Amino acid sequence: MTDTARRFHIGTVEITLVVEACGPLLRPAELYPEATPECIAAQRGWLEPSLYDAASDRLVLAMQGFVLRSGGKTILVDSCVGDCKQRVRPDFDGMRWHWLDRLDAAGVAPQDVDIVLSTHLHVDHVGWHTRLVDGRWEPTFPRARYLFVDAEFAYWNSDAGRQALERTGDYVADSVRPVFDAGLADLVSPDHRIDDAITLVHTPGHTPGHVCVAIDSQGEHALITGDVLHHPLQCRFPLWSTRFCFDAEQARATRLGLLQQHAQRQTLLFPAHFPDPTAGRLRCVDTPDGPCYAYDFVADGLAGAA
Ligand SMILES: [Zn+2]
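Residues numbered from 1 in each chain as written. Predicted model: local features only at pLDDT ≥ 70, side-chain atom pairs only at ≥ 80, totals over all residues. Heavy atoms only, no water.

Caption draft 1: Broad picture of the pattern of salt bridges. One pass over the full model with this rule turns up 16 salt bridges. Notably, a salt bridge pairs D114 with R143, separated by 3.0 Å at the nearest N-O pair. Here D114, found in the loop between α3 (99–105) and β6 (115–117), pairs with R143, found in the loop between β8 (136–139) and β9 (145–149); they are 29 residues apart in sequence, far enough to count as distant. Here D114 falls in the buried class, since its relative accessible area comes to 15%. Salt bridges here are not isolated pairs; linked through shared partners, they connect R27, E30, R89 and D91. (Salt bridge = Lys/Arg side-chain N within 4 Å of Asp/Glu carboxyl O. Helix = DSSP H or I, 4+ residues; strand = E, 2+ residues; numbered from the N terminus. Buried < 20%, exposed > 50% of the residue type's maximum accessible area, 1.4 Å probe, protein only.)

Structure below.
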């Protein structure tokens, strides 16, 4: 497989995007309660075709992981849906994405990964934490320390968290617990510092222990934003939280703060589910219903491209 991964450089840190899947996935109203057909129809000019598929009335969403190379270490942020997992959603159930082949084509073998972490413990962010070997779920990255944010891990092990797993299928059992059983897990605080350039930032709301990953090197700034934003519609409509948010009010407050801060700072953002090229910067715009943001995609480099 040829290397078609997209790469960006933030000072001395390299960010490689390794996509598992991308395509029309959820109807707007399935994700956002406020997304009426009239509202979406009014936005079709900028949404189609790359961000919204009108034929199926579905938002185009990516599943991907972010490989950071920093100070000689290889760090994986978010590990997608995974292969062969039993899931409630048919789009995720028993899939064979062969994402490891794409990771390999991007120059990363499982034993190269030093640190694995998730922005949050949702089904589409922990899948490749494990893989099926001889009928058992084994950690995919045998040399890595897997970091789990303490508040996030505690929630998914509480009664409320375990109940919430019924919506998706119990991915904690097949994708998180085997990592603990293998002795590869470390609990960290939501403001944990990975190295001089990479720090976690607590951004609660979508889940209780949700974190973004800030990369600051040589005066350049990037932020892997996890699911604070699912789709560029939330830049145009910053008040929209998703139906999947643990605390919609808190998610809204977190998102508003993040949008304001990083529009001002011109941070390069990497939202988990934005389709290729994913990266982009925020721009303040005035609309008849008040100020909001446009998301300007930035296509930095494409490995393997002529
Ligand atoms: Zn997600």
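Having seen the model, we can carry on.
Caption draft 2: Layout of helix α8 (residues 248–265). Compared with the 26 Å implied by 1.5 Å per residue over 18 residues, the 25 Å span of α8 between its first and last C-alpha is a close match. Buried residues of α8: A251, R252, T254, R255, L258, L259, H262 and A263, and no others. Angularly, the buried residues of α8 cover 165 degrees about the axis, an arc narrow enough to put them on a single face. In α8, the exposed positions angled more than 90 degrees off the buried face are occupied by E249, A253 and Q264. On the buried face of α8, the contacting elements are β12 (211–217), β13 (220–226), α7 (233–236), β14 (268–271), β15 (280–287) and β16 (290–297). Residue D247 occupies the N-cap position of α8, its side-chain oxygen lying 3.2 Å from the main-chain nitrogen of E249. With its phi angle positive at about 55 degrees, Q266 sits one or two positions after the end of α8. (Expected span 1.5 Å × (residues − 1). Arc of directions from axis to C-beta. Contact = heavy atoms within 4.5 Å. Polar contact = N/O pair within 3.5 Å; in protein donor to acceptor, adjacent residues only side chain to side chain.)

Caption draft 3: Broad picture of the environment of N157. Within the secondary structure layout, N157 lies in the loop between α4 (150–156) and α5 (159–164). When the C-alpha positions of N157 and E249 are compared, they lie 23 Å apart, and in sequence the two are 92 residues distant.

Caption draft 4: Broad picture of the coordination of the zinc ion. Those donors, D124 (OD), H125 (NE2), D227 (OD) and H273 (NE2), are the protein atoms that reach the zinc ion, and they lie 2.1 to 2.2 Å from it. The site at the zinc ion holds four donor atoms, and with the angles between them running 84 to 162 degrees, its shape is irregular. Counting gaps between the donor residues of the zinc ion yields the pattern D-H-x101-D-x45-H. Here D124, found in the loop between β6 and β7 (130–133), pairs with H273, found in the loop between β14 and β15; they are 149 residues apart in sequence, far enough to count as distant. For D124, a relative accessible area of 11% puts it in the buried group. (Donors = N, O, S within 2.8 Å, 3.2 Å for Na, K, Ca; no water. Tetrahedral: all angles 85-135°; square planar, octahedral: opposite > 155°, others 65-115°.)

Caption draft 5: Region of the structure containing unusual backbone geometry. Between E48 and the following residue, P49, the backbone shows a cis peptide bond with an omega angle of -5 degrees. In this structure, P277 follows D276 across a cis peptide bond, with omega equal to 5 degrees. Mapped onto the elements of the fold, P277 is located in the loop between β14 and β15. Phi angles above zero are rare outside glycine, and D78 is one such case at about 70 degrees. In this structure, D78 sits in the loop between β5 (73–77) and α3. The exposure class of D78 is buried, given its relative accessible area of 0%. In this structure, D134 is a non-glycine residue whose phi angle is positive, near 50 degrees. Turning to its location among the elements, D134 is positioned in the loop between β7 and β8.

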